[in-house]
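What follows is each chain in one-letter form.
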Amino acid sequence: MIDTAHPVMITGATGFVAGWIVKLLLEAGVTVHAPIRNMADASKTKHLAELAAKTLGTIKFFEADLLKAGSYAQAMAGCQTVFHTASPFVTNVANPQKDLVDPAVIGTRNVLEEASRVESVKRVVLTSSCAAIYGDAADVQEAPGGILTEEIWNTTSSLQHNPYSYSKTVAEREAWAIAKRQSRWDLVVINPSLVFGPAINPHTTSESLRIVRQIGDGTLKMGAPRMGMGAVDVRDLATAHLAAAFTPSASGRYIINGVNSDLLEIAKTLLPKYGKAYPIPRRTMPKWLMWLAGPLAGDGITRKFVARNVGYAWKADNGRGRRELGQTYRPLQETMNDMFEQMIASGLVTSKK
Ligand code: NAP
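Residues numbered from 1 in each chain as written. Predicted model: local features only at pLDDT ≥ 70, side-chain atom pairs only at ≥ 80, totals over all residues. Heavy atoms only, no water.

(A) Just the overall build of the protein, in detail. Within the protein, the secondary structure is distributed over 14 helices and ten strands. A compact globule built from 353 residues should have a C-alpha radius of gyration of about 20 Å, and the protein, at 20 Å, falls within 12% of that. Taken along its principal axes, the extent of the C-alpha atoms in the protein is 55 × 40 × 40 Å. Evaluated residue by residue, the protein yields a buried proportion of 57% over its 353 residues. Considering only intrachain contacts with a sequence separation of at least 6, the fraction spanning at least 24 residues in the protein is 81%. (Helix = DSSP H or I, 4+ residues; strand = E, 2+ residues; numbered from the N terminus. Rg over C-alpha atoms; globule rule 2.2 N^0.38 Å. Buried < 20%, exposed > 50% of the residue type's maximum accessible area, 1.4 Å probe, protein only. Contact = heavy atoms within 4.5 Å.)

(B) Structural context of the site of the ligand. Taken together, 26 residues sit near the ligand, with Thr14, Thr85, Tyr164, Lys168 and Ser206 positioned nearest. Serine 87 is positioned with one of its backbone polar atoms (N or O) 3.3 Å from an oxygen atom of the ligand. One of the backbone nitrogen or oxygen atoms of valine 195 is found 2.8 Å away from an oxygen atom of the ligand. The fraction of the free accessible surface of the ligand (890 Å²) that becomes covered by protein chains is 94%. For the shell around the ligand, the secondary-structure elements that each account for two or more residues are α1 (16-27), α6 (163-180) and β7 (194-196). (Near = heavy atom within 4 Å. Polar contact = N/O pair within 3.5 Å; in protein donor to acceptor, adjacent residues only side chain to side chain. Areas by Shrake-Rupley, 256 points an atom, 1.4 Å probe, with all protein chains shown as cover.)

(C) Structural view of the nonpolar core. Ranked by internal contacts, the top residues of the largest apolar core, which has 72 residues, are Leu25, Phe83, Ile190, Phe196 and Ile256. The element that contributes the greatest number of residues to this core is helix α8 (residues 234-246), accounting for nine residues. Leave out the neighbours within four places in its chain, and isoleucine 190 touches Val125, Leu126, Thr127, Ser128, Ser129, Leu237, Ala240, His241, Ala244, Tyr254, Ile256 and Leu325. Met9, Ala75, Cys79 and Ala115 belong to the second-largest nonpolar core, a separate cluster that totals 24 residues. (Core = buried A, V, L, I, M, F, W, Y, C linked by side-chain atoms within 4.5 Å.)

(D) Here's a closer look at unusual backbone geometry. For asparagine 162, which is not glycine, the phi torsion reads 55° and is therefore positive. Along the polypeptide, asparagine 162 turns up in the loop between α5 (137-140) and α6.

(E) Local environment of a nonpolar patch on the surface. Taken together, the side chains of Trp288, Leu289, Trp291 and Leu292 present a nonpolar region at the surface, about 420 Å² in accessible area. Tracing the backbone through its elements, the reader meets leucine 289 in helix α11 (residues 287-293). On the basis of relative accessible area, leucine 289 is assigned to the partly exposed category, the value being 31%. (Patch = residues over 30% accessible without salt bridge, like charges linked within 9 Å, V, L, I, M, F, W, Y side chains within 5 Å. Salt bridge = Lys/Arg side-chain N within 4 Å of Asp/Glu carboxyl O.)

(F) Focus on the pairing of strand β2 (residues 31-36). Where burial is concerned, most of β2 is hidden: five out of the six residues are buried. Sheet topology places strand β1 (residues 8-11) next to β2; two bridges connect them, and they run parallel. Its bridge partner being in β2, methionine 9 is matched across the sheet by histidine 33. The parallel pair β1 and β2 is bridged by α1, and the resulting crossover is right-handed. Strand direction decides the pairing type here: β2 and strand β3 (residues 58-63), joined by six bridges, are parallel. Bridging from a neighbouring strand, isoleucine 36 pairs with glutamate 63 of β3. For the crossover that starts at β2, traverses helix α2 (residues 42-54) and ends in the parallel β3, the hand is right-handed. (Pairing = 2+ DSSP bridges. Right-handed = clockwise from strand over helix to strand, strands pointing away.)

(G) Region of the structure containing the sheet that holds strand β10 (residues 259-262). Strand order in this open sheet of three strands is β7-β8-β10, and the pairing throughout is mixed. Each end of this open sheet is capped by a strand with a single partner; those strands are β7 and β10. Strand-to-strand twist across the sheet, computed as the mean angle between neighbouring axes with direction ignored, equals 45°. Pairing between strand β8 (residues 228-233) and β10: four bridges, direction antiparallel. By the bridge assignment, glycine 230 is partnered in β10 with asparagine 260. Here helix α14 (residues 332-345) sits on the sheet in contact with β7, β8 and β10, set at roughly 60° to β7. (Axes fitted to C-alpha atoms, helices over the stretch in contact; angles between N-to-C directions.)

(H) How the structure looks around empty space enclosed by the protein. Enumeration according to the criterion identifies two cavities of 30 Å³ or more in this entry. Quantified by volume, the largest cavity comes out at close to 60 Å³. If you go around the largest cavity, the residues you meet are His84, Thr85, Ala86, Ser87, Ala104, Thr108, Leu126, Thr127, Ser128, Lys168, Ala171 and Glu172. Mapped onto the lining of the largest cavity, the elements with two or more residues apiece are α4 (96-117), β5 (123-127) and α6. Counting residues per element, the lining of the largest cavity draws most heavily on α6, at three residues. Classifying every residue of the lining of the largest cavity by side-chain character gives four nonpolar, six polar and two charged. Size it by volume and the second largest cavity reaches roughly 40 Å³. Along its surface, the second largest cavity is lined by Ala231, Val232, Asp233, Asp236, Gly258, Val259, Tyr329, Arg330, Leu332 and Thr335. At the level of secondary structure, the elements contributing two or more residues to the lining of the second largest cavity comprise β8 and α14. With three residues, β8 is the largest single contributor of residues to the lining of the second largest cavity. Taken together, the residues that form the lining of the second largest cavity break down as five nonpolar, two polar and three charged. (1 Å grid on protein atoms, 1.4 Å probe; cavity = no way out; pocket = protein on both sides within 12 Å on 5 of 7 lines; lining within 4 Å. Points joined across faces, edges and corners; volume = space filled by probe spheres on them. Nonpolar A, V, L, I, M, F, W, Y, C, P; charged D, E, K, R; others polar.)

All quantities given are derived from atomic positions and should not be read as evidence of function.
The structure is reproduced here in structure tokens:
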């Protein structure tokens, strides 16, 4: 049951994933405290304020930055539940320490250490990632039975190789360390696979939107690699966050993954509806070609990444979330069609055949 008696704080409210969590909270009549880094930029908040005006709930914005100590005190005051979703999700960065690891780790420290100071906080829900469970698809073959579970941690990523995954791994480890140093609040961690679906604000920086733009704009028209990955709908992921927050018995990590798939299979779900008008990939891009051309694309794709990610089956066990959070998943085709439709409508996919 959703607690509407106390305000709830959520970091990263302007982002792709958090947008839907905010929507569900507002629809339930919750007062949402949203610390964001630039209150003056109305393009980041307008859609959330409009949403609040249409629902029972209320949204209050606060100025805060993951890197600024003490930033979250005001927004957290009086909250029993804290969602920490904010963390950069970009894969091609100039300085992995500064651009990924610092905001992920210092931000986690800032938010969770504040939770330890604010007497009202009882539960923190952290948005981690399957990236904190595995680094490359090749790692999945090393997992017992070839299936990722919540018991497993990513041990292969580093600042040099898959720095985003590394940032999520060290940030989640930091979160568990901080949680163990106190006993008033408990930590529940959500580990989503790659998130797709329509965005509350389609103009976010999330890597999810960039990937689907590439599927639709002709970048992959010669073919997409069989790069193993999981996929989950952003709306299902929001439901998982709420269940993690308001199910008293929820504990530990939850893999939230709708389907075990790969990039080509994910792209191909768009073919029946959009295949005629848009250059959606239909064929496999051979691994050797990806190995040769990937590093030239300027996307930060390395030969090591190609070698360890293309051609490996990806499998994760989502049973814990189904059993303990009552999690259900919509079909991937519905997720992808809804996302693509919205990206066309908002001008994010324009290149036709
Ligand atoms: P997103 O749309 O780019 O959202 C990232 C959020 O973090 C934005 O609200 C951003 O604020 C905020 N942020 C970044 N740096 C900040 C800073 N220094 N101070 C304050 N706020 C900062 O990405 P997303 O896809 O929604 O990702 C949200 C979370 O889900 C992340 O923790 C990500 O690792 C996790 N996740 C995502 C996926 C996926 O496929 N999308 C999969 C697994 C896990 P601005 O709006 O100001 O930039």
